[in-house]
Amino acid sequence: SSTSASAGCDHSGFREIIAEKLTVIEKFFEELSWLPKEVIKKCDYVEYGTVRPEDISLKYAGEGDYIGEKWDDFSLDAIEGWALERELEDGDSKGYAGGILESKLARIHNRRQFQQPRKEIRRNACCIPGNRRIYVKTDGNFLLCEKMGESPEFGDVYNGPDLKKIRKFYLEDYERASIEKCSECWAMNLCGLCYAGCYNKTGVDMEKKELACKAQRYTSKAELITYFTILEEQPEVIKEVDSVEYY
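Residues numbered from 1 in each chain as written. Predicted model: local features only at pLDDT ≥ 70, side-chain atom pairs only at ≥ 80, totals over all residues. Heavy atoms only, no water.

(A) Inspection of the overall build of the chain at higher detail. Helix and strand content of the chain: six helices and ten strands. Within the chain, the fraction of its 247 residues that count as buried is 42%. Of all intrachain contacts in the chain linking residues separated by at least 6 positions in sequence, the fraction that spans at least 24 positions is 65%. Here the chain displays about 14600 Å² of accessible surface, and carbon together with sulfur accounts for 49% of that area. (Helix = DSSP H or I, 4+ residues; strand = E, 2+ residues; numbered from the N terminus. Buried < 20%, exposed > 50% of the residue type's maximum accessible area, 1.4 Å probe, protein only. Contact = heavy atoms within 4.5 Å. Areas by Shrake-Rupley, 256 points an atom, 1.4 Å probe, with all protein chains shown as cover.)

(B) Structural detail: the pattern of salt bridges. Counted under the stated rule, the structure contains ten salt bridges. Glu-210 is the salt-bridge partner of Lys-181, the closest N and O atoms lying 3.9 Å from each other. Residue Lys-181 is found in helix α4 (residues 163-182), and its partner Glu-210 is found in helix α5 (residues 206-233); the two are separated by 29 residues along the sequence. A residue is classified by how much of its surface remains accessible, and Lys-181, at 49% relative accessible area, is partly exposed. A single network of salt bridges, built from pairs that share partners, joins Lys-168, Asp-173 and Arg-176. (Salt bridge = Lys/Arg side-chain N within 4 Å of Asp/Glu carboxyl O.)

(C) Representation of the packing of α4 against α5. The geometry of α4 relative to α5 is characterised by a closest axis approach of 12 Å and an angle of 40° between their N-to-C directions. Taken as axis vectors, α4 and α5 run oblique relative to one another. As α4 packs across α5, the resulting crossing turns out to be right-handed. Facing Tyr-174, Ala-177, Ser-178, Lys-181 and Cys-182 of α4, the residues of α5 in contact are Met-206, Lys-209 and Glu-210. Its residues placed into classes, the contact of α4 with α5 shows four nonpolar, one polar and three charged. (Axes fitted to C-alpha atoms, helices over the stretch in contact; angles between N-to-C directions. Parallel < 35°, antiparallel > 145°, perpendicular 65-115°, else oblique. Left-handed = near helix turned anticlockwise from the far one by under 90°. Nonpolar A, V, L, I, M, F, W, Y, C, P; charged D, E, K, R; others polar.)

(D) Expanded view of the packing of helix α3 (residues 96-109) against α5. At their nearest, the axes of α3 and α5 sit 9 Å apart, and the two run at 90° to each other. Considering the angle they form, α3 stands roughly perpendicular to α5. Where α3 abuts α5, its residues Leu-101, Lys-104, Leu-105, Arg-107, Ile-108 and His-109 lie against Gln-216, Thr-219, Ser-220, Glu-223, Leu-224, Thr-226, Tyr-227 and Ile-230. Grouping the amino acids of the contact of α3 with α5 by side-chain chemistry returns six nonpolar, five polar and three charged.

(E) Region of the structure containing the packing of aromatic side chains. In this structure the tally under the stated criterion is eleven aromatic pairs. An aromatic cluster is defined as three or more aromatic residues linked by ring pairs; in this entry it consists of Phe-142, Phe-154, Tyr-170, Tyr-174, Tyr-195 and Tyr-199. Cation over ring: Lys-168 sits above Phe-169, and NZ or CZ is 5.2 Å from the ring centre. (Phe/Tyr/Trp six-rings, centres within 6.5 Å; stacked < 30°, edge-to-face > 60°. Lys NZ or Arg CZ within 6 Å of the ring centre and 35° of its normal.)

(F) Main features of the environment of Lys-41. Following the sequence through the fold, Lys-41 ends up in the loop between α1 (11-30) and β2 (44-45). In this structure the C-alpha to C-alpha distance between Lys-41 and Gly-99, which are 58 residues apart in sequence, comes to 5.1 Å. Setting aside residues up to four positions removed in sequence, Lys-41 forms contacts with Phe-29, Leu-35, Lys-94, Tyr-96, Gly-99 and Ile-100. Side-chain polar atoms of Lys-41 contact the backbone oxygen of Val-39, separated by 3.0 Å. (Polar contact = N/O pair within 3.5 Å; in protein donor to acceptor, adjacent residues only side chain to side chain.)

(G) Local environment of unusual backbone geometry. A positive phi angle, near 50°, is found at Asn-124, a position not held by glycine. Following the sequence through the fold, Asn-124 ends up in the loop between α3 and β5 (135-136). Residue classification places Asn-124 among the buried positions, given a relative accessible area of 8%.

(H) Structural view of the environment of Gly-197. Mapped onto the elements of the fold, Gly-197 is located in the loop between α4 and β9 (199-200). A relative accessible area of 4% means that Gly-197 is categorised as buried. The sequence separation of Gly-197 and Lys-147 amounts to 50 residues, and the corresponding C-alpha distance is 8.5 Å.

(I) Spatial organisation of α4. At Glu-175, α4 shows its maximal bend, which comes to roughly 40°. By the burial criterion, the buried members of α4 are Ile-166, Phe-169, Tyr-170, Asp-173, Tyr-174, Ser-178 and Cys-182. Those residues of α4 hidden inside the fold are in contact with β8 (160-161), β9, β10 (203-204) and α5. Two to three positions downstream of the cap, the backbone nitrogen of Lys-164 sits 3.0 Å from a side-chain oxygen, assigning the N-cap of α4 to Asp-162. (Bend = angle between axes of the 7 residues up to and from the residue.)

(J) Quick peek at helix α2 (residues 78-90). The end-to-end C-alpha separation of α2 is 18 Å, in line with the 18 Å expected for 13 residues at 1.5 Å each. Burial within α2 is extensive, with ten of its 13 residues counted as buried. Taken together, the buried positions of α2 are occupied by Ala-78, Ile-79, Glu-80, Gly-81, Trp-82, Ala-83, Leu-84, Arg-86, Glu-87 and Leu-88. (Expected span 1.5 Å × (residues − 1).)

Below, the structure written as structure tokens:
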């Protein structure tokens, strides 16, 4: 299930609309007698990347313009706020709220932790170009994946992938454009940002990337609050996260 917000939406009204929708969806899954309880049900916002600004607002992330519940003076987004509140009430990690939170909890639980500062910085959450998937356009040209939209092509069905273009656009150019800000970012080891939110047809678009980075920092802080709130109040839920694979 996905949802989006319009720029003119009232904050309290937006929260109520999202809560109402999520409650209806939760009830729907609970009443499916044939659906095993252990099946994970998730919900999130429409991903940015190829989505046009007029189709979805990113303002729910970044500064918390569209907020859910207040936790320690920080506003979680509407979906996460609803899920955390419901999880604390019910403690049902296999329920709908638990499914929404599971990957968020796993991302924090399995985060990279080091005893000493490290010189290396990972390339955010970017995949290995051309390794896991390739999006083939109708003209036969390759894009990294179905989320990329307008971005540099790197080969075609006739000649295969162009390794020189991959190296230039998705390794060297990306690193050169990102290293300064990433090296100073507190969330660099939690970052879930990939190529999809960072490119235009000619290459890395830093204006787009910085907007996406802002949203990632907001998301990381919200996930930390969610994780440690549940750890303090329902530690048995966190124990179950040990078995969740996260990449």
